[in-house]
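Here is what each chain is made of, one letter per residue.
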Amino acid sequence: MLPKPEAVGTVAQLYSTATKGFALREVQHVQVTPSGIAGNREFFLVDVDERLYSVPKDPIFLDCWTAYDPVANTFRSGRRAVVDVEAEVLPEGPIRPFQFDERTVDGRWVPGPWDAWFSELAGRNLRLVQCAEPGAGGDVHPVTIVSSASIGSLGHEADGSPIDGRRFRLNMTLDLGSAAYREDSWAGQVLSVGDSELRVIGGVPRCVAIEHRPYDGDRALQVQRRIREVRGATPSESGPAVLFGMYARVVVPGSVRVGDPVAVLT
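What counts and how
- Residues numbered from 1 in each chain as written.
- Predicted model: local features only at pLDDT ≥ 70, side-chain atom pairs only at ≥ 80, totals over all residues.
- Heavy atoms only, no water.
- Helix = DSSP H or I, 4+ residues; strand = E, 2+ residues; numbered from the N terminus.
- Rg over C-alpha atoms; globule rule 2.2 N^0.38 Å.
- Buried < 20%, exposed > 50% of the residue type's maximum accessible area, 1.4 Å probe, protein only.
- Contact = heavy atoms within 4.5 Å.
- Areas by Shrake-Rupley, 256 points an atom, 1.4 Å probe, with all protein chains shown as cover.
- Lys, Arg positive; Asp, Glu negative; His and termini not counted.
- Charge placed at Lys NZ, Arg CZ, Asp CG, Glu CD.
- Phe/Tyr/Trp six-rings, centres within 6.5 Å; stacked < 30°, edge-to-face > 60°.
- Pairing = 2+ DSSP bridges.
- Axes fitted to C-alpha atoms, helices over the stretch in contact; angles between N-to-C directions.
- Polar contact = N/O pair within 3.5 Å; in protein donor to acceptor, adjacent residues only side chain to side chain.
- pLDDT = per-residue confidence, 0-100.
- 1 Å grid on protein atoms, 1.4 Å probe; cavity = no way out; pocket = protein on both sides within 12 Å on 5 of 7 lines; lining within 4 Å.
- Points joined across faces, edges and corners; volume = space filled by probe spheres on them.
- Nonpolar A, V, L, I, M, F, W, Y, C, P; charged D, E, K, R; others polar.

### Description of the overall build of the protein
Here is step 1: The helix and strand tally for the protein stands at three helices and 18 strands.
Here is step 2: Scaling as 2.2 N^0.38, a compact globule of 266 residues should have a C-alpha radius of gyration of about 18 Å, and the protein matches this with 18 Å.
Here is step 3: Each principal axis of the C-alpha atoms in the protein carries an extent, and together these give about 50 × 50 × 40 Å.
Here is step 4: Counting every position in the protein, which comprises 266 residues, the buried fraction comes to 46%.
Here is step 5: Sequence separation of at least 24 residues holds for 68% of the intrachain contacts in the protein that already meet a minimum separation of 6.
Here is step 6: By element, 50% of the accessible surface of the protein is carried by carbon and sulfur atoms, the whole surface being about 12500 Å².
Here is step 7: Looking at the protein, you have 28 positive and 34 negative side-chain charges, and the mean spots of the two groups are 3 Å apart.

### Brief notes about the packing of aromatic side chains
Here is step 1: Scanning all chains against the criterion turns up twelve aromatic pairs.
Here is step 2: Between Phe75 and Trp114, the ring centres sit 5.0 Å apart and the planes meet at 75 degrees, which makes this aromatic pair edge-to-face. Taken as a pair, Phe75 in strand S7 (residues 74–79) and Trp114 in helix H1 (residues 113–122) lie far apart in primary sequence, 39 residues in all. No difference in accessibility class separates Phe75 from Trp114, as the two residues are buried.
Here is step 3: Judged by centre distance (5.7 Å) and plane angle (50 degrees), the rings of Trp117 and Phe118 are tilted. For the pair Trp117 and Phe118, a shared accessibility class is recorded, and that class is buried.
Here is step 4: Pairwise contacts between aromatic rings join Phe22, Phe61, Trp117 and Phe118 into one cluster.

### Some thoughts on the sheet that holds strand S11 (residues 127–131)
To summarise the sheet geometry, strands pair through backbone hydrogen bonds and adopt either a parallel or an antiparallel arrangement.
Here is step 1: On the basis of which strands lie adjacent, the open sheet formed by four strands has the order S5-S11-S10-S9 and antiparallel pairing. Bordering the open sheet on either side are strand S5 (43–46) and strand S9 (92–99), each of which pairs with just one other strand. Adjacent strand axes in the sheet meet at a mean angle of 45 degrees when their direction is disregarded.
Here is step 2: Where strand S10 (residues 104–109) lies against S11, three bridges are found, and the strand directions are antiparallel. Paired with Arg108 across the bridge in S11 is Gln130.

### Thoughts on the side chain of Ser150
Here is step 1: Examined against the element boundaries, Ser150 turns out to sit in helix H2 (residues 148–152).
Here is step 2: A polar atom in the side chain of Ser150 sits 2.8 Å from the side chain of Ser147.
Here is step 3: Beyond its immediate stretch of four places on either side in the chain, Ser150 contacts Ala180, Tyr181, Glu183 and Phe244.

### Overview of the confidence of the model for the protein
Here is step 1: The predicted model of the protein has a mean per-residue pLDDT of 91, with 96% of residues at 70 or higher.
Here is step 2: When mean pLDDT is taken per element in the protein, strand S13 (residues 172–175) scores highest with 98 and strand S4 (residues 36–37) scores lowest with 90.

### Focus on the sheet that holds S7
Here is step 1: Spatially, S6-S7-S8 is the arrangement adopted by the three strands of the open sheet, whose pairing is antiparallel. Strands with a single pairing partner mark the edges of an open sheet, and in this sheet they are strand S6 (64–69) and strand S8 (82–88). Direction aside, neighbouring strands of the sheet carry axes that sit 15 degrees apart on average.
Here is step 2: Here S7 runs beside S8; their pairing, made up of six bridges, is antiparallel. Residue pairing in the sheet places Thr74 in a bridge with Glu88 of S8.
Here is step 3: Sheet strands touched by H1: S6, S7 and S8. Its angle to S8, the strand with the most contacts, is close to 145 degrees.

### Side note on the layout of surface pockets
Here is step 1: Volume-wise, the second largest pocket comes out at about 600 Å³.
Here is step 2: Ser16, Thr17, Ala18, Arg25 and Thr66 are the residues nearest the centre of the second largest pocket, which is lined by 29 residues in total.
Here is step 3: Mapped onto the lining of the second largest pocket, the elements with two or more residues apiece are strand S2 (25–27), strand S3 (29–33), S6 and S7.
Here is step 4: Each residue belonging to the lining of the second largest pocket can be placed in one class, and the counts come to 14 nonpolar, seven polar and eight charged.

Right, dumping it as C-alpha cells:
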C-alpha cells in the first residue's frame, strides 16, 4: 500500500454559479463530476445571433444571482436577497449546438419569465439555454484553481479594499502558504483535492471580464495591467499572455469541501 501523500495545503474557498456570466456563489461543498462541478454553469444566455452572451460582452449580470434546484426542477434569479423570477424549467426543442467563442456547446432552449427579465436588464433580446451535459458551459477545461497567495500578490483595489477573488471567476481557491503562484508549477501533475483528483493543465488566459469588480462593476483597477506588473507576461503556446489561475481536468470524481487537504500525487 502506497503511503498517503503529504498535504501541501487546504481548500480555502469554493465558488459556483448556475449561469455563466452571473454572480459567483460561495459554497461549502461541491461535487466534482467527470464534466466538472455539478450545477456550475449549467445555463447560459445567448443573443439574437444565438452566440454566448457573457461578461466580455456585458458585465450587467455580475450582481445578479441564479439558482437551479434539480430536485424541484426550478430556476430562479434575482439581486441580493430579492427573487425576481422563478419557475419550472421546461426545455423546448431538440438538443442543438450553440456558439461560444471558439467552440460549440450543446443545449436546449428553456423559455420562461427570466427571458423577459434578462432582456430588460440588458436592453436587448436574450434567451436562456440549459446545457445538454451538466457543467458543459464552463471554460475550456472543467475546473479552475488559484491560490489565496496569488490573489494577495496583486495588492488592493484602487479604493484600498482587498481584491475580491470572485473577480477571476475561478472554482477553487487553495491555501498553499505564503508563496504566490505555487500552483503554476503543477502543470501536468495530478492533485488530490478532497475525494477528487484533478490533473492541472495550464494557465487561464485572462480577458476583459476580470476588469469588472464583481459586486458593482467598478473598473478603477486595471487588473490585467496589475498582473503584468507583478509577474510579467507569461509564456504560452501562442506567445506572451496574461495568465492567472490554472485549468484542471477531472481524473477521479469526488466530493470537495472547504478545509479539505490538497496533495500533489507522484
